[in-house]
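Structural features, examined
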Amino acid sequence: MLSFTEENYLKAIFKLSEQEKKAASTNAIAKEMQTSAASVTDMLKRLAEKKLLNYEKYKGVTLGKSGQKIATNLIRKHRLWEVFLVEKLHFNWDEVHDIAEQLEHIHSEHLIDRLDEYLAFPKFDPHGDPIPDAEGKFTFRKQIPLSQLPVGCTAIVVGVQEHSAHFLQYLDRLDLGLGSQLEVLEKFDFDDSLRLDVNATKEQVISIKVSQNLLVQEVKTRTS
């Protein structure tokens, strides 16, 4: 049985490795876990002794097969609980992360399998992140940051890259939640901000920072 902290380290390493497509560095882990590099090094040695990861000083960290399975299962539980909190208990999408952080450490596989079935086996969480199935397999889809969508194209918001409550609340103020339909009307050369048509009802100007953190699926291109 691992401690909550050990499980959180494995999940952090998994996410960093996925994002960077390479071994996670000690400094990156320290930033993610909001702790010192020395504390990270101590924990990595402990997890390496348990054969959950591969750690070589100055070369970064990768998860072993057992560590990856634990991390994937944590992510599955976290994202299923987020779906439950939003769909069944009507929490807002900016409220559920911290609660799911606590619930993800419940170890009953039977409970999580029942939860998955109760929710009709969702593939994505309320932020658009893929939910691994019981075998640890993720469902991926073709998506790009809104900042890469050409002028004249229309797309549906399917996810976010930034998960902070402040960002999600800001999107709510702009009516830019998942499922919103956006058409890029204009891109301003000065700062790469975008003028959008939102849900065919109103226009909205957003910054490059917002457009880089909104993930979309293109649905059609304007014809001349």
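About the thresholds
- Residues numbered from 1 in each chain as written.
- Predicted model: local features only at pLDDT ≥ 70, side-chain atom pairs only at ≥ 80, totals over all residues.
- Heavy atoms only, no water.
- Helix = DSSP H or I, 4+ residues; strand = E, 2+ residues; numbered from the N terminus.
- Buried < 20%, exposed > 50% of the residue type's maximum accessible area, 1.4 Å probe, protein only.
- Contact = heavy atoms within 4.5 Å.
- Areas by Shrake-Rupley, 256 points an atom, 1.4 Å probe, with all protein chains shown as cover.
- Lys, Arg positive; Asp, Glu negative; His and termini not counted.
- Charge placed at Lys NZ, Arg CZ, Asp CG, Glu CD.
- Salt bridge = Lys/Arg side-chain N within 4 Å of Asp/Glu carboxyl O.
- Polar contact = N/O pair within 3.5 Å; in protein donor to acceptor, adjacent residues only side chain to side chain.
- pLDDT = per-residue confidence, 0-100.
- Pairing = 2+ DSSP bridges.

1. Focus: the overall build of the protein
- Of the regular secondary structure elements, the protein holds eight helices and eight strands.
- In terms of overall dimensions, the protein has C-alpha extents of about 60 × 45 × 30 Å along its principal axes.
- When burial is assessed residue by residue, the protein has 43% of its 224 residues classed as buried.
- By sequence separation, contacts in the protein at least 24 residues apart represent 61% of the contacts at least 6 residues apart.
- Counting only carbon and sulfur atoms, one obtains 49% of the accessible surface of the protein, whose full area is about 12,900 Å².
- Of the charged side chains in the protein, 29 are positive and 34 negative, and the gap between their average positions amounts to 6 Å.

2. Let's talk about the pattern of salt bridges
- Within the structure shown, the criterion is met by eleven salt bridges.
- The partner of Lys50 in a salt bridge is Glu6, with the nearest N and O atoms 2.9 Å apart. With Lys50 in the loop between helix H3 (37-49) and strand S1 (53-56) and Glu6 in helix H1 (residues 4-20), this pair connects stretches of sequence that are 44 residues apart.
- Judged by its relative accessible area of 4%, Glu6 is buried.
- One salt bridge in this structure joins Glu104 and Lys11, with 2.8 Å as the shortest N-O distance. Of the two residues, Glu104 sits in the loop between helix H5 (96-103) and helix H6 (109-118) while Lys11 sits in helix H1, which places them 93 residues apart along the sequence.
- For Lys11, a relative accessible area of 6% translates into the label buried.
- Several salt bridges converge on common partners, so that one network encompasses Glu6, Arg46 and Lys50.

3. Examining the side chain of Glu6
- Among the polar contacts listed, one links the side chain of Glu6 to the backbone nitrogen of Ser3, at a separation of 2.9 Å.
- In contact with Glu6, other than residues within four places in its own chain, are Met43, Arg46, Leu47 and Lys50.

4. Describing the confidence of the model for the protein
- Across the protein, the average pLDDT comes to 94, with 98% of residues at or above 70.
- By mean pLDDT, strand S8 (residues 214-221) is the weakest element of the protein at 87, and helix H8 (residues 208-212) is the strongest at 98.

5. As for the pairing of strand S6 (residues 194-198)
- Side chains of S6 alternate between two faces, with Leu194, Leu196 and Val198 buried and Arg195 and Asp197 left unburied.
- Where strand S5 (residues 181-187) and S6 come together, five bridges link them in antiparallel fashion. Looking at the pairing, Glu183 lines up with Asp197 of S6.
- Remark: six residues form the turn of the hairpin made by S5 and S6, two consecutive strands paired antiparallel; Asp192 in that turn has positive phi of roughly 65°.

6. As for unusual backbone geometry
- The phi angle at His90 is positive, at roughly 65°, despite the residue not being glycine.
- Residue placement: His90 occurs in the loop between helix H4 (65-87) and H5.
- Phi is positive for Ala120, close to 70°, though the residue is something other than glycine.
- Note that Ala120 resides in the loop between H6 and strand S3 (144-145).

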